[in-house]
Amino acid sequence: MKDFQQIFGKAPEAQASAPGRVNLLGEHTDYNDGFVLPTAIPQRTTVHLGMSKDGQHHFYSEDLDEQVSILDGNDTPSGFSSYIYGCIQLLEQEGYTIPKINLHVSSSVPIGSGLSSSAALEVATLRGVRSLLNLPLDDVRIAQIAQQAEIQYAGVQCGIMDQMASSLADAEHMLFLDTRTLELRVIPFPTGTEIVVMDSGVPRTLAGSGYNQRRAECEEAARLLGVKALRDITDPQAVEALPEPLRRRARHVVSEDNRVLEVLEGVSAERFGELMNASHASLRDDYEVSVPALDTLVAMLQETKEVFGARLTGAGFGGACVALVAAGEARAIANDVLERYNSADFLGKILVPQVS
Ligand code: GLA
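Residues numbered from 1 in each chain as written. Predicted model: local features only at pLDDT ≥ 70, side-chain atom pairs only at ≥ 80, totals over all residues. Heavy atoms only, no water.

Comments concerning the pattern of salt bridges
A pair can form between side chains of opposite charge whenever their charged atoms are brought close. With the rule as written, the count across this model stands at 25 salt bridges. One salt bridge in this structure joins arginine 271 and glutamate 274, with 2.7 Å as the shortest N-O distance. Here glutamate 274 and arginine 271 lie together in helix α8 (residues 269-285), a separation of three residues that amounts to about one turn. In this structure arginine 271 comes out as partly exposed when scored by relative accessible area, which is 31%. Taking the relative accessible area as the measure of exposure, glutamate 274 reaches 45% and is therefore partly exposed. Put simply, arginine 284 and aspartate 285 hold a salt bridge, and the shortest N to O gap is 2.8 Å. Residue class for arginine 284 comes out partly exposed when judged on its relative accessible area of 35%. Relative accessible area serves as the criterion here: at 39%, aspartate 285 is assigned to the partly exposed category. (Salt bridge = Lys/Arg side-chain N within 4 Å of Asp/Glu carboxyl O. Helix = DSSP H or I, 4+ residues; strand = E, 2+ residues; numbered from the N terminus. Buried < 20%, exposed > 50% of the residue type's maximum accessible area, 1.4 Å probe, protein only.)

What to know about the domain arrangement of the protein
Examined at the domain level, the protein breaks down into domain 1 (4-185) and domain 2 (190-352). Between domain 1 and domain 2, the C-alpha centre-to-centre distance is 25 Å. Contact residues are listed per partner, giving 37 residues for domain 1 and 44 residues for domain 2. Summed over both sides, the interface of domain 1 with domain 2 buries roughly 3,300 Å², with 63% coming from carbon and sulfur. In this structure, the connection of domain 1 to domain 2 is made through four salt bridges. Note that arginine 311 and glutamate 27 form a salt bridge whose closest N and O atoms lie 2.7 Å from each other. (Domains from an automatic or database assignment. Contact = heavy atoms within 4.5 Å. Buried area = accessible area lost by both parts, 1.4 Å probe.)

What about the site of the ligand?
Near the ligand you find Arg21, Glu27, His28, Asp30, Tyr31, Cys158, Gly159, Met161, Asp162, Tyr211 and Ala315, and these make up its full shell. Taking histidine 28, its main chain carries an N or O atom lying 2.6 Å from an oxygen atom of the ligand. One of the backbone N or O atoms of glycine 159 is found 3.0 Å from an oxygen atom in the ligand. Summarising the interface, the protein chains cover 97% of the accessible area of the ligand, which totals 310 Å² for the free molecule. Cavity membership is defined here by more than half of the atoms lying within 2 Å of grid points; on that basis the ligand lies in the largest pocket. Broken down by class, the residue content of the shell around the ligand amounts to five nonpolar, two polar and four charged. (Near = heavy atom within 4 Å. Polar contact = N/O pair within 3.5 Å; in protein donor to acceptor, adjacent residues only side chain to side chain. Areas by Shrake-Rupley, 256 points an atom, 1.4 Å probe, with all protein chains shown as cover. 1 Å grid on protein atoms, 1.4 Å probe; cavity = no way out; pocket = protein on both sides within 12 Å on 5 of 7 lines; lining within 4 Å. Sits in = over half its atoms within 2 Å of the grid points. Nonpolar A, V, L, I, M, F, W, Y, C, P; charged D, E, K, R; others polar.)

Focus: the sheet that holds strand β8 (residues 184-187)
One open sheet accounts for three strands, arranged β2-β7-β8; its pairing is antiparallel. Both outer strands of the open sheet, β2 (35-36) and β8, are each paired with one neighbouring strand and no more. Note: strand β7 (residues 174-178) against β8, four bridges, orientation antiparallel. Within β8, the residue paired with phenylalanine 176 across the bridge is arginine 185. Along the sheet face, helix α5 (residues 161-168) touches β2, β7 and β8 and points at about 135° away from the line of β7. (Pairing = 2+ DSSP bridges. Axes fitted to C-alpha atoms, helices over the stretch in contact; angles between N-to-C directions.)

Quick notes on the packing of helix α6 (residues 211-225) against helix α7 (residues 246-264)
The packing of two helices is summarised by the inter-axis angle and the distance between the axes. Two numbers describe how α6 lies on α7: the axes approach to 9 Å, and their chain directions differ by 95°. One way to sum up the angle between α6 and α7 is to call them roughly perpendicular. Every residue of α7 that contacts α6 at Arg214, Glu217, Cys218, Glu220, Ala221 and Leu224 is listed here: Leu246, Arg249, Ala250 and Val253. In terms of residue class, the contact of α6 with α7 is made up of six nonpolar, no polar and four charged. (Parallel < 35°, antiparallel > 145°, perpendicular 65-115°, else oblique.)

A few points about the environment of isoleucine 84
By secondary structure assignment, the location of isoleucine 84 is in helix α2 (residues 80-93). The class of isoleucine 84 is buried, set by a relative accessible area of 0%. As a C-alpha pair, isoleucine 84 and isoleucine 350 span 266 residues in sequence and 28 Å in three-dimensional space. If we ignore the near neighbours within four places in the chain, the residues touching isoleucine 84 are Phe59, Leu103, Val105, Leu121 and Thr125.

Remarks on unusual backbone geometry
A cis amide bond, omega 5°, links glutamate 244 with the succeeding residue proline 245. Here proline 245 shows up in the loop between α6 and α7. Residue proline 353 follows valine 352 across a cis peptide bond; omega there is 5°. Note on placement: proline 353 falls in the segment after β12 (349-352). The phi torsion at aspartate 65 lies on the positive side, around 50°, for a residue other than glycine. Note on placement: aspartate 65 falls in the loop between β4 (57-61) and β5 (66-70). Note on aspartate 65: relative accessible area 46%, which makes it partly exposed. One non-glycine residue, leucine 182, adopts positive backbone phi at about 60°. Counting through the fold element by element, leucine 182 comes out in the loop between β7 and β8.

In structure tokens form, the structure reads like this:
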């Protein structure tokens, strides 16, 4: 582990951090102008920054022990530095003059588990630059710039959920977000509950996956239905005439939006759990973004006592599951399920609650 001082030979001038997120309900709805319900996780990405004096940006990742230096006119870097560089480029496009900087990044957000390590890096970077240069950016604007960095520099046509969650959510509440209007509401967890997050051990690569394809299918479905986005359909019957697979894709989005909206009316832990279970079935059967390992892990969680409901979380194609469980039971439930899951020849991990 090398800190900023060891890498750059002087103390940092600013620092910032941002959390990863887990989504409780509302999956693959954000790029359909729909509704989401994420919360922040305890794991965070931290950046330390200072001015660079040699005319180049220098970015160092403590976890990879890798340093990347960027001269103007260089090709866009790849890997962790593409997110940082993307954020800086976008700030310049906004009209800010960004001097060359040294930036040190360290993170406890797992990579490739669907917990938004990239959004945490983008939001931490933008917060760090905001603090270093006193930029007048609010947290929503930071999320919007971070989303553009992901789209333009990482090549994922993502919605805005992850960056809004990383920029505005805390770990004690759920954050309801209307992704069309950006209306936000802080919502308490159902009384007497806490969450478990487990990694299936099957990594996912978002850009290489069917994510962009699902997005295109949804846009085509909306076009055929004559609406701006699938968010404008509230009656599940309205999608029945669409050709396959658009009918099932749209059915997932419409039913998922309705599940999130039901939570806003105030639901019990039991009902919230049922909605999570229904969400998983819909992601598996209609949206087809689950994989056998996730189905196994979710089934093990769902059949465990004191679990109200469980589902895959994030984009799918591998990654993590989230469960709503009785307060005080998260640690015991996660240990028990992990043992059963890994005895079935998987390599799962407990992510929340964190091992202290
Ligand atoms: C990824 C994207 C988000 C969202 C989810 C699926 O995490 O970055 O914008 O679309 O997948 O709900």
